[in-house]
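Chain by chain, the residues:
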Amino acid sequence: MRKGILERLNAGEVVIGDGGYVMQLERRGYVKAPHFTPEAAVEHPEAVRQLHREFQRAGADVLQTLTFYSSDEKLQISGNVTDITGTQINEAACDLAREIANESDALVAAGVSQTPVYPVNRNQAEVKAIIQKQLDVFKRKDIDFYMVEFFKHVEEAVWAVEVMKAGGKPVGATLCISPQGDKDGTPPGECAVRLVRAGADMVGINCHLDPLTCVRTVKLMKEGLEKAGLKAHLIVQPLGFHTPECNHSGYTTLAEYPFAMEARAMTRWDMQKYAREAYNAGIRYIGGCCGFEPYHIRALAEEMSPERGVLPAASDKHGLWGAGLATYGASFMTERACREYWENLLPASGRPNCPSMSRPALK
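Analysis parameters
Residues numbered from 1 in each chain as written. Predicted model: local features only at pLDDT ≥ 70, side-chain atom pairs only at ≥ 80, totals over all residues. Heavy atoms only, no water. Core = buried A, V, L, I, M, F, W, Y, C linked by side-chain atoms within 4.5 Å. Buried < 20%, exposed > 50% of the residue type's maximum accessible area, 1.4 Å probe, protein only. Contact = heavy atoms within 4.5 Å. Salt bridge = Lys/Arg side-chain N within 4 Å of Asp/Glu carboxyl O. Helix = DSSP H or I, 4+ residues; strand = E, 2+ residues; numbered from the N terminus. Pairing = 2+ DSSP bridges. Right-handed = clockwise from strand over helix to strand, strands pointing away. Phe/Tyr/Trp six-rings, centres within 6.5 Å; stacked < 30°, edge-to-face > 60°. Lys NZ or Arg CZ within 6 Å of the ring centre and 35° of its normal.

K.L.:
Please explain the nonpolar core as it appears in this structure.
P.N.:
One broad rule of soluble globular proteins: the nonpolar side chains tend to lie buried together. Counting 100 residues, the largest nonpolar core has Val-148 and Leu-195 as its most contacted members. Among residues more than four places away in sequence, those in contact with Leu-195 are Val-154, Ala-157, Val-158, Val-161, Ala-173, Leu-175, Ala-200, Val-203 and Met-221. By size, the runner-up hydrophobic cluster in this structure holds eleven residues, among which are Ile-5, Val-15, Leu-107 and Ile-235.

K.L.:
Can you walk me through the pattern of salt bridges in this structure?
P.N.:
Once their charged atoms are close, side chains differing in charge can pair, the charge on each being opposite to the other. According to the stated counting rule, one finds 20 salt bridges in the structure shown. The salt bridge involving Glu-293 is made with Arg-27; its shortest N-O contact spans 3.5 Å. On the criterion of sequence distance, the pair formed by Glu-293 in the loop between strand S8 (285-286) and helix H13 (294-303) and Arg-27 in helix H2 (residues 22-27) is long-range, its members being 266 residues apart. Classification of Glu-293 as partly exposed rests on a relative accessible area of 24%. For Arg-27, a relative accessible area of 33% puts it in the partly exposed group. A salt bridge links Lys-169 to Asp-142, with the shortest nitrogen-to-oxygen separation between them at 2.8 Å. Linking Lys-169 in the loop between helix H9 (154-165) and strand S5 (171-175) with Asp-142 in the loop between helix H8 (124-140) and strand S4 (145-151), this pair joins segments that are 27 residues apart in sequence. Counted as one network, the salt bridges with shared partners bring together Arg-27, Glu-262 and Glu-293.

K.L.:
Can you walk me through the pairing of S4 in this structure?
P.N.:
Along any regular strand, the residues point their side chains to alternate faces of the sheet. Of all seven residues making up S4, seven are buried, and the element is well covered by its neighbours. Relative to S4, strand S3 (residues 107-112) is paired through four bridges, and the arrangement is parallel. Bridge pairing links Gly-111 to Met-147 in S4. Where S4 meets S5, five bridges bridge the pair, whose relative direction is parallel. Each bridged residue has a counterpart across the sheet, and for Phe-151 the counterpart in S5 is Leu-175. Note that the unit made of S4, H9 and S5 has a crossover that is right-handed.

K.L.:
So what exactly am I meant to see when it comes to the packing of aromatic side chains here?
P.N.:
Within a pair of aromatic rings, the relevant descriptors are the distance that separates the centres and the angle that separates the planes. The full count for this structure, using the stated rule, is 14 aromatic pairs. Residues Tyr-341 and Trp-342 carry aromatic rings whose centres are separated by 4.7 Å and whose planes lie at 85 degrees to one another, so their mutual orientation is edge-to-face. Taking the relative accessible area as the measure of exposure, Tyr-341 reaches 29% and is therefore partly exposed. Taken together through their ring pairs, the aromatic side chains of Trp-269, Trp-321, Tyr-341 and Trp-342 make up a single cluster. The cationic tip of Lys-74 hangs over the ring face of Tyr-69; the distance from NZ or CZ to the ring centre is 4.3 Å. The side chain of Arg-284 reaches across the aromatic face of Tyr-279, ending 3.7 Å from its centre.

In structure tokens:
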């Protein structure tokens, strides 16, 4: 019997989440920007299966289903498919995640995200109907727990939590907001309070901004919960990119989005720093979102290995802090086989004519 997500977190365990699926699959040729709908679960299950397995080997304790934007309404807007339904995608995605999770003791989390109808009319009944349709599939597939993620407005996220809570499984809720609050200006602390009062067992931040900015926002959520006398486990699953602009709308307004974000990619050493900062902030569910590749997840698991007491399978092919370089013949390389070198490195971009930051578009 696997321990459930709350059983693990209640025991103080560090849970490693997985990384970003839709952006990885777009780069591999299975998802189309800008709508990033997840029909690959039906069209190319082998690609989704492979990415699940890579994250699992890298140390992920949770595999999330590829159900981001998986509603009939979003599929229709995207125009990416006309012969596959949201239900078909949700069913296939649940099966794929479960198949790979069963190769270890990983849990499966099924996620729902913001709906295309909310910005149009903010109609609670319509939003909840879309979420309920996904939940119906998740219940049939006996998913381990649910994630309400990538919501810009806490009001819509609260409605989603209320629906998912009726599914009888633990619910996590993560917003894609900045330290300034959600798109309506609701402060992070108040957002957290509203999510917990709606029934969320875990709250935090995902996507839109870089790891340390997201950790800062989760700290504000934690403060809000403490002031309200509420408790919940904390989650952080940020971007795998540097976004020092820390703009309110997140990385989608950066000039490089979505096809030139590689220039902002974080290193594995950046990820180890992020994992330690998150842990020191009291966050025990630490993962990633868009831009997080399997080696980034491995870095999180390696940084947390003293607390977790285990290294991931993928660490068999990776010397901690570059230790494997000690066997190289040249001295310039063996000198890099230590933590001090990589922790203090200021990596160059190799682009002398490029700025270090860009001016985000107004949104």
